[in-house]
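Analysis of the macromolecular model
Listed below, chain by chain, are the residues.
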Amino acid sequence: MAVPIAVLDCDLLLYGRGHRTPDRFKLEDVTDEYLVSMYGFPRQFIYYLVDLLGANLSRPTQRSRPISPETQILAALGFYTSGCFQARMGDAIGISQASMSRCVANVTEALVERASQFIHFPEDEASVQNLKDDFYGLAGMPGVLGLVDCIHVAIKAPNAEDLSYVNRKGLHSLNCLMTCDARGMLLSAETHWPGSLQDCTVLQQSALRSQFEARLHKDGWLLGDSSFFLRTWLMTPLHIPETPAEYRYNMAHSATHNVIERTFRTMRSRFRCLDGSKGTLQYSPEKASHIILACCVLHNISLEHGLDVWSSPTVGQMEQPEEEYEHMESLDSEADRVHQELLLTHFS
């Protein structure tokens, strides 16, 4: 009988008397204010995640007291939104650091599996037109299908010899390429690119470029900043505007593209594990990439549930490496033609 007794008393040995163990922590036992302050999201949102991910998180286990999907989700949300070391967050819900790590891994993979469900470009004609109309309503820029930009997320050094993740600031990071709509909803997210790659190189090698080059998204374009080259499907700012039409174009471009910059700021504010203020993500590049993508999925789900993307205050964050914008003449004559036609038709 010694073995069963040891198993039954393991929580007492690990946490001491009065500590919440996984089966004692219930959502209904705490207030909404507590849930938002500790885990970043209200009760109904967490219940939705339990329904969405529960099957993945209830897989057979050899544990005598398996951790409920509810507790696993709280553990992961606490880590994503606080950026705290896992041991500290594990203490808040009564699980060990090893269990906390497993919870974060389980929830992260469950969210990553659903990335294509929540992060995608609209496909039907009516939704595409609504996308363009929303962008046009911001600053009068026509034909916009999305805003594209890159964001760096700090990670621990993979190893001493690997310099591919060292960015221009000398820090190890992942350079994440994302696009969003006029509300800040992500339409694509590629979170695995090494930090040493410039934004234009990331785009050149990306699945996003392949989609647009293959004309899977027709009759429109993305807006990108000066770190990218002009393409028929990617409109960039004019380096030195000279005419009134060129100034109007640049102003509309800047006002519209600002949405993705605000989206990045609020994502780093909501998901403090991304902003670098509590330290780098202490994972391999692959695992860190999955955590970032999981946060992207949660970002979109939160927007679908009416949680305002702009409501979170901006906080200290990782300084983003500045791209060296070397103005180079476009080698794409068709892109130049499309650009000039846009200027003449809509801004002259």
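All of these numbers come straight from a predicted model, not from anything done at the bench. Numbers given to residues run from 1 along each chain, matching the order in which its sequence is written. A pLDDT threshold of at least 70 governs which residues receive local features in this predicted model, and a stricter bar of 80 or more applies before side-chain atom pairs are shown or counted, although totals over entire chains, interfaces and linings include all residues. The side-chain values count all of the structure's non-hydrogen atoms but skip hydrogen atoms and water molecules.

Take the overall build of the protein next. Secondary structure assignment for the protein yields 14 helices and five strands. Looking at the protein alone, contacts between residues at least 24 apart form 70% of all its contacts between residues at least 6 apart. On the protein, roughly 17000 Å² of surface is accessible, and the fraction owed to carbon and sulfur atoms is 52%. Secondary structure elements are taken from DSSP: a helix is a run of H or I of four residues or more, a strand is a run of E of two residues or more, and numbering for both begins at the N terminus. It only takes one pair of heavy atoms within 4.5 Å for two residues to be counted as in contact. Only the protein chains shown count as cover for residues, and the accessible areas themselves come from Shrake-Rupley with a 1.4 Å probe.

This brings us to the environment of Val-153. When you line up the elements, Val-153 lands in strand β1 (residues 144-154). Residue Val-153 is classed as buried on the basis of its relative accessible area of 3%. Between the C-alpha atoms of Val-153 and Ser-173, which are 20 residues apart in sequence, the distance is 5.2 Å. When accessible area is computed with a 1.4 Å probe and restricted to protein chains, residues below 20% of their type maximum are described as buried, those above 50% as exposed, and intermediate ones as partly exposed.

Before going further, it helps to examine the packing of aromatic side chains. Aromatic contacts are taken between Phe, Tyr and Trp rings whose centres are within 6.5 Å, Trp giving its six-membered ring; a plane angle under 30 degrees counts as stacked, one over 60 as edge-to-face, and the others as tilted. All told, the structure shown has eight aromatic pairs when counted by the stated rule. An angle of 90° between the planes, with centres 5.7 Å apart, marks the rings of Tyr-249 and Phe-347 as edge-to-face. One end of the pair, Tyr-249, is in helix α12 (residues 244-270); the other, Phe-347, is in the segment after α14 (333-346), with 98 residues separating them in the sequence. Assigned by exposure class, Tyr-249 and Phe-347 land together as buried.

Before going further, it helps to examine α14. Residue count minus one, scaled by 1.5 Å, sets the expected span of a helix. When the terminal C-alpha atoms of α14 are compared, their 20 Å separation across 14 residues agrees well with the 20 Å that a helix rising 1.5 Å per residue should span. Regarding α14, the residues found buried are Ala-335, Val-338, His-339, Leu-342 and Leu-343. Buried residues of α14, viewed axially, fall in a sector of 135°; they line one side. Of the exposed residues in α14, the ones pointing more than 90 degrees away from its buried face are Ser-333, Leu-344 and Thr-345. Summarising the contacts, the buried residues of α14 are in contact with β4 (221-223), β5 (234-235) and α12. Picture the helix axis, draw a direction to every C-beta atom, and the arc is the one those directions span.

We now examine the environment of Thr-191. Relative to the elements of secondary structure, Thr-191 occurs in strand β3 (residues 186-194). Separated by 40 residues in the primary sequence, Thr-191 and Ile-151 place their C-alpha atoms 9.1 Å from one another. Beyond its immediate chain neighbours, meaning those up to four positions away, Thr-191 contacts Leu-174, Cys-176, Met-178, Ser-289, Ile-292, Leu-293 and Cys-296. A polar atom in the side chain of Thr-191 sits 2.8 Å from the side chain of Ser-289. As used in this structure description, the phrase polar contact means that two N or O atoms lie within 3.5 Å; if the pair is within protein, one of them must be able to donate a hydrogen and the other to accept it, and residues adjacent in sequence are counted only when both atoms belong to side chains.

Further remarks concern the sheet that holds β5. Here we have five strands laid out as an open sheet, ordered β3-β2-β1-β4-β5, and mixed in their pairing. Of all the strands in the sheet, just β3 and β5 have a single pairing partner and so form its edges. As judged from the two bridges shared by β4 and β5, these two strands associate in the parallel manner. In the sheet register, Leu-222 faces β5, and the bridge partner there is Leu-234. Across the sheet, α12 is in contact with β1, β2 (173-180), β3, β4 and β5; its angle to β1 comes to roughly 45°. In this scheme, strands are said to pair when DSSP sees at least two bridges between them. Note on geometry: axes are lines fitted to C-alpha atoms, helical ones only across the stretch in contact, with angles between N-to-C directions running from 0 to 180 degrees.

Look at helix α9 (residues 125-139): 22 Å from first C-alpha to last across 15 residues, which is about the 21 Å you get at 1.5 Å a residue. Among the residues of α9, Val-128, Leu-131, Lys-132 and Phe-135 are the ones counted as buried. The buried residues of α9 occupy one face: seen down the axis, they fall within an arc of 90°. Those residues of α9 that are buried are in contact with β1, β2, β3 and α12. Looking at the residues trailing α9, positive phi occurs at Gly-140, about 80°.

Per-residue pLDDT for the protein has a mean of 85; in total, 82% of the residues score no lower than 70. Confidence of the predictor at the level of single residues is captured by pLDDT, which takes values from 0 to 100. With pLDDT under 50 throughout, residues 1-24 is counted as low confidence; its partners more than four residues away or in other chains account for 27 contacts. In this model, residues 312-316 is a region of pLDDT below 50 whose contacts with residues beyond four sequence positions or in other chains number eleven contacts.

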